[in-house]
Amino acid sequence: MGLRAALRRRPNKDIVYTSTQFERKGFEYGIPDTGISEYDQGIGNAGPADRRTALKTLHDAYVACPWSFSAVNAIVRTITAGGLVTDWDTDTGQGDQSQPTKPANVLALERMLAWCNQRDDIRQVMRGVIVDLLVYGDAYLELVWVGDQPVALYNLDCPSIYPIADAHGLISGYVQVTEYGQRATFETREVIHIPYDSVGTGVFGLSPTQAAMLPITCWLFAAGNSKQVFRRGNPPTVHVDMPAGMSSSDVRRWDAMYAQRNLGSDNVGRPIITKGGAHVQELAPARIVDAISFHDQKRDEILAVYGVPPAKGGVIEAGHLGAGTGEAQDRTFRVNTCAPIAEIILEKLNFHLVRNGFKIDGWRLKFGDIDWRDSKVVEDIRDARLRNGSWTLNRYRAEIGEPPVPGGDAAVLVDRQNLVLWKDIAVMSEAMVLAKRAPGVAAQDPTISANPAADLNGRLAKPLTGMGETAEFEYVPPWARAMLAGLADLSAALRAVEARDVDREQVEASA
């Protein structure tokens with residue numbers, strides 16, 4: 001067998017592939033020749049700041065900026081709304097397949113997910129993972145083992161976790177050092193490390209919060225400035241021209257009295273009082289609109305970095321440029337933002353927990369689906385599927401939780417005036433063709449009988465071209481012969497019944 005033929009062969013589905021460690025030649029970004037340990041970890045080559053201090057800065061920015069907090073929580077709530085559930089690999093998601101019997105190891109996995117630790121449920125654990133990814137760029141889960149069986153799952157504090165890796169990026173373990181000096185070491189199988197996307201694909205991920213630090217910092221400074229302005233009563237900017245003969249001490253005294261009498265929320269509206277010829281001139285009024293516009297601009301930048309549309313972040317603006325409809329924003333948010341983050345987490349969980357932990361094949365973990373659409377939209381879609389034959393009545397009833405009915409497994413086509421079974425659509429189509437064809441041909445050529453069935457049955461129908469010429473059909477399909485023969489037999493039977501009824505009436509009348 002040649003090399004090309006061997007490469008064309010598809011992999012055998014019965015083969016179980018296991019992870020194997022290989023040596024690599026390339027070096028990992030941001031790691032020196034000596035590797036990294038718990039004592040020399042920064043964020044790549046970005047600066048001398050240690051990793052714990054940098055992550056503390058990201059945490060403070062996330063907590064202080066409401067738009068960062070709102071964006072992160074919108075993503076977290078959307079992804080975890082349906083919980084974490086098991087599903088078989090061949091499920092199409094169309095609801096047309098019955099769930100196979102769950103193996104014993106799948107049931108064991110579900111029991112662990114139902115009680116993952118003494119404090120948190122699996123939904124809270126997953127929420128913590130997503131928050132850590134979006135704020136720190138990395139999330140760590142502790143997997144507790146008893147023998148070869150995982151029995152518990154915990155969140156690990158990201159700023160206190162240090163991966164131990166060599167120059168090639170191969171992680172050999174993890175160390176946790178808390179701010180109180182507590183220290184714990186973990187094997188690689190005891191920690192599930194989930195990094196976010198990063199430049200250079202280093203050991204650590206780059207979080208959206210770190211990428212949004214510039215607009216977050218600008219927003220925080222603007223918010224702090226606005227706080228001070230409104231704390232002082234939002235005063236106008238004024239220029240005071242003192243008399244030339246006023247001493248410096250008198251100028252300082254007037255300035256102190258102005259700050260006491262005219263600044264602050266309690267002094268809003270109090271006039272500025274001068275004497276001795278001092279002149280007060282307003283240089284610029286308070287521009288609240290400019291501050292609000294700056295806040296809005298930085299808010300939009302922050303939401304854009306996180307990939308959260310305005311409506312999902314709590315911003316409702318009529319005619320917002322590029323916002324689209326609410327449903328369009330929701331779908332964009334789920335497809336472009338939530339789904340990729342969810343897949344990053346699920347890939348790690350399915351490998352470390354499902355495959356390596358419980359030795360499960362053919363099943364996987366996924367986040368449960370929540371139907372976010374409006375109920376009117378859902379019902380309209382169901383009705384359209386029933387009318388065009390995509391669904392049967394029993395499929396429709398199963399979708400809404402109702403039992404099946406007799407005859408409900410036949411698909412139908414419903415238009416404005418007719419209802420027909422899809423299995424009879426060919427007969428109906430030919431009947432409509434005949435019904436539409438006969439009047440038009442008869443109107444153009446009076447020599448053709450008004451009864452097209454009799455013409456076709458007698459092989460005397462006119463062709464659609466060459467009007468005025470008498471010609472026979474060279475070929476009549478068998479289905480047309482059978483249908484027209486049936487119509488002729490039915491017509492003869494009806495005439496016979498009608499004649500019999502007339503004879504009976506005549507006999508009764510003569511009697």
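About the thresholds
- Residues numbered from 1 in each chain as written.
- Predicted model: local features only at pLDDT ≥ 70, side-chain atom pairs only at ≥ 80, totals over all residues.
- Heavy atoms only, no water.
- Helix = DSSP H or I, 4+ residues; strand = E, 2+ residues; numbered from the N terminus.
- Buried < 20%, exposed > 50% of the residue type's maximum accessible area, 1.4 Å probe, protein only.
- Contact = heavy atoms within 4.5 Å.
- Areas by Shrake-Rupley, 256 points an atom, 1.4 Å probe, with all protein chains shown as cover.
- Core = buried A, V, L, I, M, F, W, Y, C linked by side-chain atoms within 4.5 Å.
- Phe/Tyr/Trp six-rings, centres within 6.5 Å; stacked < 30°, edge-to-face > 60°.
- Lys NZ or Arg CZ within 6 Å of the ring centre and 35° of its normal.
- Salt bridge = Lys/Arg side-chain N within 4 Å of Asp/Glu carboxyl O.
- Pairing = 2+ DSSP bridges.
- Axes fitted to C-alpha atoms, helices over the stretch in contact; angles between N-to-C directions.
- Expected span 1.5 Å × (residues − 1).
- Arc of directions from axis to C-beta.
- Parallel < 35°, antiparallel > 145°, perpendicular 65-115°, else oblique.
- Left-handed = near helix turned anticlockwise from the far one by under 90°.
- Nonpolar A, V, L, I, M, F, W, Y, C, P; charged D, E, K, R; others polar.
- Patch = residues over 30% accessible without salt bridge, like charges linked within 9 Å, V, L, I, M, F, W, Y side chains within 5 Å.

Asker: Explain the overall build of the protein to me, please; I cannot follow it from the model alone.
Answerer: What the protein contains, in helices and strands, is 15 helices and 12 strands. Buried residues in the protein amount to 30% of all 511 residues. Across the protein, contacts joining residues at least 24 apart in sequence account for 62% of those joining residues at least 6 apart. A total of about 31900 Å² of accessible surface is found on the protein, and carbon and sulfur atoms cover 55% of it.

Asker: Can you walk me through the nonpolar core in this structure?
Answerer: The tendency in soluble globular proteins is for nonpolar side chains to be buried side by side. Membership of the largest hydrophobic core comes to 70 residues, with the highest contact counts inside it found for I75, L84, M126, L141, L153 and I345. Residue contributions to this core peak at 9 residues, all from helix α10 (residues 326-357). Sequence-distant contacts of L84, defined by excluding residues within four places in its chain, comprise L113, I122, M126, L346, L349, L365, K366 and F367. Grouped together as the second largest cluster of nonpolar side chains are 5 residues, M242, W254, Y258 and L263 included.

Asker: Please clarify how the packing of aromatic side chains should be interpreted in this entry.
Answerer: To describe a pair of aromatic rings, you give the distance between the ring centres and the angle between the ring planes. Counted by the stated rule, this structure contains 4 aromatic pairs. Aromatic pair Y140 and Y174: ring centres 6.1 Å apart, planes at 70 degrees, arrangement edge-to-face. Residue Y140 is located in strand β2 (residues 138-146), and its partner Y174 is located in strand β5 (residues 171-177); the two are separated by 34 residues in the primary sequence. Both residues of the pair, Y140 and Y174, count as buried. Here R189 stacks its cationic end above the ring of W145, 4.4 Å away from the centre of that ring. In this structure, R299 is placed above the aromatic ring of W67, and the distance from its NZ or CZ to the ring centre is 5.6 Å.

Asker: Looking at this structure, how should I read the pattern of salt bridges?
Answerer: Pairing of side chains with opposite charge becomes possible as their charged atoms draw close. With the rule as written, the count across this model stands at 22 salt bridges. For K56, the salt bridge identified is with D60, shortest N-O distance 3.0 Å. With K56 and D60 both in helix α2 (residues 51-64) and 4 residues apart, the pair spans about one turn of that helix. The class for K56 is partly exposed, based on a relative accessible area of 48%.

Asker: Explain the environment of P163 to me, please; I cannot follow it from the model alone.
Answerer: Among the structural elements, P163 can be located in strand β4 (residues 161-165). With a relative accessible area of 0%, P163 lands in the buried category. Each residue touching P163, except ones within four places of it in the same chain, is listed here: I36, Q41, Y140, I171, G173, Y174, V203 and F204.

Asker: Please clarify how the sheet that holds strand β7 (residues 191-195) should be interpreted in this entry.
Answerer: Hydrogen bonding along the main chain pairs the strands of a sheet, whether they run parallel or antiparallel. The strand order across the open sheet formed by 3 strands is β3-β2-β7, and the pairing between neighbours is antiparallel. Single-partner strands in this sheet number two, and they are β3 (149-156) and β7. For this sheet, the mean inter-axis angle between neighbouring strands, taken without regard to orientation, is 25 degrees. Direction of pairing for β2 relative to β7: antiparallel, over a ladder of 5 bridges. In the sheet register, L141 faces β7, and the bridge partner there is I192. Against the sheet, helix α5 (residues 122-135) engages β2, β3 and β7, with an angle of about 145 degrees to β2.

Asker: Help me understand helix α11 (residues 375-387) in this model?
Answerer: Residue pairs spaced three or four apart in an α-helix point in one direction, given the helix's 3.6 residues per turn. When the terminal C-alpha atoms of α11 are compared, their 18 Å separation across 13 residues agrees well with the 18 Å that a helix rising 1.5 Å per residue should span. Considered for burial, the residues of α11 that qualify are V378, R382 and L386. Across the axial projection of α11, the buried residues extend over an arc of 70 degrees, all falling on one side. Here the buried face of α11 lies against α12 (393-399) and β11 (412-414). Count one or two residues on from α11 and you reach G389, which has phi positive near 85 degrees.

Asker: Looking at this structure, how should I read the packing of helix α3 (residues 66-80) against helix α9 (residues 288-306)?
Answerer: Helix-helix packing: each pair is described by the crossing angle between the helix axes and the interaxial distance. At their nearest, the axes of α3 and α9 sit 9 Å apart, and the two run at 30 degrees to each other. It follows from the interaxial angle that α3 and α9 lie roughly parallel. Along this stretch, α3 crosses α9, giving a crossing that reads as right-handed. Along its contact with α3, which presents W67, S68, A71, V72 and I75, the element α9 presents R299, I302, L303 and Y306. For the contact of α3 with α9, the residue count by class is 7 nonpolar, 1 polar and 1 charged.

Asker: Would you take a moment to explain the sheet that holds β4 for this structure?
Answerer: With antiparallel pairing, the 3 strands of this open sheet are ordered in space as β4-β5-β6. The open sheet has two free edges, formed respectively by β4 and β6 (183-186), since each of these has just one partner strand. The sheet shows a mean angle of 25 degrees between the axes of neighbouring strands, taken without regard to direction. Pairing analysis gives 4 bridges linking β5 to β6, with the strands arranged antiparallel. Residue Q176 lies in a different strand from β6, and its bridge partner there is A184.

Asker: I tried to follow a nonpolar patch on the surface on my own but got confused; where do I start?
Answerer: Residues F230, I288 and I292 make up a contiguous nonpolar surface patch of roughly 270 Å² in combined accessible area. Its place among the elements puts I288 in helix α9. Accessibility expressed as a relative area gives 34% for I288, which makes it partly exposed.

Asker: I keep staring at the environment of F204 and nothing clicks. Help me out?
Answerer: Within the fold, F204 resides in the loop between β7 and α6 (208-211). Residue F204 is classed as buried on the basis of its relative accessible area, which comes to 14%. On a C-alpha basis, the gap between F204 and Y136 in space is 9.2 Å, while along the polypeptide they are 68 residues apart.

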